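A structural walkthrough
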Amino acid sequence: MEPTLTFFSGFGINDFWFLGEAAMRTMWISILSITLGTLFGVLFGWILYEGKLTAALTVAPVLDVFRSVPLIIQLVLFYNFAPIVGLNLDAFASGVAILTIYAAALVANVARGGIEAVDRSMRRASRSLGMTYWQDLRYVVLPIGGRAVFPAWVGVALGVMKDSALVSVLGYVELLKASQILITRTQEPFLILSIAGAFYFALSFPISRYAASLEKRWAQ
Amino acid sequence: MIEIRDLHKYFGALHVLKGIDLDVQKGEVLSIIGASGSGKSTLLYCINGLEPIQQGKVAVDETNVHAKSTDINKLRQKLGMVFQQWNSFPHLTALENVALAPRIVKGKPRAEARDIAVKQLTHVGLGDKLDVYPSALSGGQQQRLAIARALAMEPEYMLFDEATSALDPELVGEVLDTMRLLAEEGMTMICVTHEMGFARDVSDRVAFFHQGVMEEIGPPEQIFGQAKSEHTRKFLANVR
Ligand SMILES: Nc1ncnc2c1ncn2[C@@H]1O[C@H](COP(=O)(O)OP(=O)(O)OP(=O)(O)O)[C@@H](O)[C@H]1O
Ligand SMILES: [Mg+2]
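The structure contained in this document is the topic of the report that follows. (Residues numbered from 1 in each chain as written. Chains lettered and ligands numbered in written order. Predicted model: local features only at pLDDT ≥ 70, side-chain atom pairs only at ≥ 80, totals over all residues. Heavy atoms only, no water.)

Moving on, we get to the pairing of strand 8 (residues 188–192) of chain B. Residue and element names in this part refer to chain B. With 5 of 5 residues buried, strand 8 lies mostly within the body of the structure. The pairing of strand 3 (residues 29–34) with strand 8 spans 4 bridges and is classified as parallel. When the bridges of strand 8 are listed, valine 29 appears paired with methionine 189. Of the pairings in the sheet, the one linking strand 7 (residues 157–161) to strand 8 comprises 5 bridges and is parallel in character. Bridge pairing in strand 8 places methionine 158 opposite methionine 189. In terms of handedness, the path from strand 7 via helix 6 (residues 169–184) over to strand 8 forms a crossover that is right-handed. (Buried < 20%, exposed > 50% of the residue type's maximum accessible area, 1.4 Å probe, protein only. Helix = DSSP H or I, 4+ residues; strand = E, 2+ residues; numbered from the N terminus. Pairing = 2+ DSSP bridges. Right-handed = clockwise from strand over helix to strand, strands pointing away.)

Following this line, the structure appears as structure tokens:
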């Protein structure tokens, strides 16, 4: 075999590690934004549930915007306009920021649904035992409502993980961007995209398996 | 003692309780009967502060339930309540259902909360179901679980809102037996009920509610034997 010193070199083991590393970045950006997005989303969901009129006039329309404008537009707008207002965020931070808000907007609806899933009379029962409003939320509404909407939340989380690919437009080298770089060099799109796809699968499959087993355990 | 004075309750424009005056003494068992929508459940909710009132006063052991200065969560520990829907916490075992409030509300250590739960579950005949989830219990068992859960707070009063109405007929008996047991032990009880047999046999007094008014109150012999009010007689004729 002659050494390949050409610009278009073949796919090698180093490239595989390059993709693996990028998959780690995809995982990292996803974990961060799903975690933060869930925390904010639960807070917003609670505001939507309790706030009624005030929420309908403030939080709800903002979340609607973030839910309905395509993520790629949000990312590009945010990345390019944030510096104007003095926010100098790199591609990673911009990606996390937008994905977090996006996830929060989706989780907010899920969380509100979770609170609504707990019967009024169940909440009266816990209050009648002397629980405070917050104890009722923590010990009754959270576990019962949380379980009711857990599958929906998993759907959001997996969706955000896949959508994190869009952060590639900002130049952040996550899984998709890494694949594009390798494809340009190796001209082997089929192989590389298959590997990238396998990585995405490897990231989400354990989550859905674990979620399924949790649901099964709760169902008993 | 529970004292209710000139209690008025509105839901928006709907006048649901129209000036209720009622005293319930320590140790007394009072049954409340009346047609659907007459305000029986609402009265119970007003007694433990789950519903605000618009006029009048409710006092439990001289504490005004609806005063801003009242620590309502503390007061509710005195007032156990059992609902028509069992409302057992589905994510907790029977034991955990009962131990939860003593632990988080009263701040009892885990082991002590557990002991209380075992004691109360045994009390209502569920001593062999400690580690079972509510989904594996029958309606009657879940309702007894709810009674044990309320008793675990060591209340001085128990409010029952149609505790047997949602049960299959063959499961009513076991819940009524548990309520009877509590009455015999001297618990002060207010029972909203459609079980006339229970009202007659167990109560010291029976109150008949009609369209937001306490139409008549007296010993069971009076209400079931020679009711003074036309409405009471009509209601009883229809339920029997
Ligand atoms: N949260 C609420 N908002 C508005 N109206 C209500 C509410 N709760 C009860 N009501 C109304 O108040 C009236 C009294 O209701 P309540 O539940 O106290 O009756 P009840 O005597 O317990 O009847 P039932 O035997 O059907 O349980 C009814 O007309 C009911 O529709
Ligand atoms: Mg009722």
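Our next topic: the sheet that holds strand 1 (residues 2–11) of chain B. Residue and element names in this part refer to chain B. Taken in spatial order, the 4 strands of this open sheet run 2-1-4-5, and their pairing is antiparallel. Across the chains shown, the open sheet's two edge strands, defined by having one partner strand only, are strand 2 (14–24) and strand 5 (63–64). Two elements, strand 1 and strand 2, share 8 bridges in a ladder whose sense is antiparallel. Looking at the pairing, isoleucine 2 lines up with valine 24 of strand 2. Set on the sheet, helix 1 (residues 40–47) makes contact with strand 1, strand 2 and strand 4 (55–60); between it and strand 1 the angle comes to about 120 degrees. (Contact = heavy atoms within 4.5 Å. Axes fitted to C-alpha atoms, helices over the stretch in contact; angles between N-to-C directions.)

Evaluated as defined, the whole model comprises 17 salt bridges over all chains. Here glutamate 28 of chain B and arginine 205 of chain B are joined by a salt bridge, their closest N and O atoms 2.5 Å apart. One end of the pair, glutamate 28 of chain B, is in the loop between strand 2 and strand 3; the other, arginine 205 of chain B, is in strand 9 (residues 205–210), and 177 residues separate them in sequence. For glutamate 28 of chain B, a relative accessible area of 9% puts it in the buried group. Using a relative accessible area of 24% as the deciding quantity, one classes arginine 205 of chain B as partly exposed. Among the charged side chains, a salt-bridge network with shared partners connects Arg120 and Arg124 of chain A together with Lys9 and Glu51 of chain B. (Salt bridge = Lys/Arg side-chain N within 4 Å of Asp/Glu carboxyl O.)

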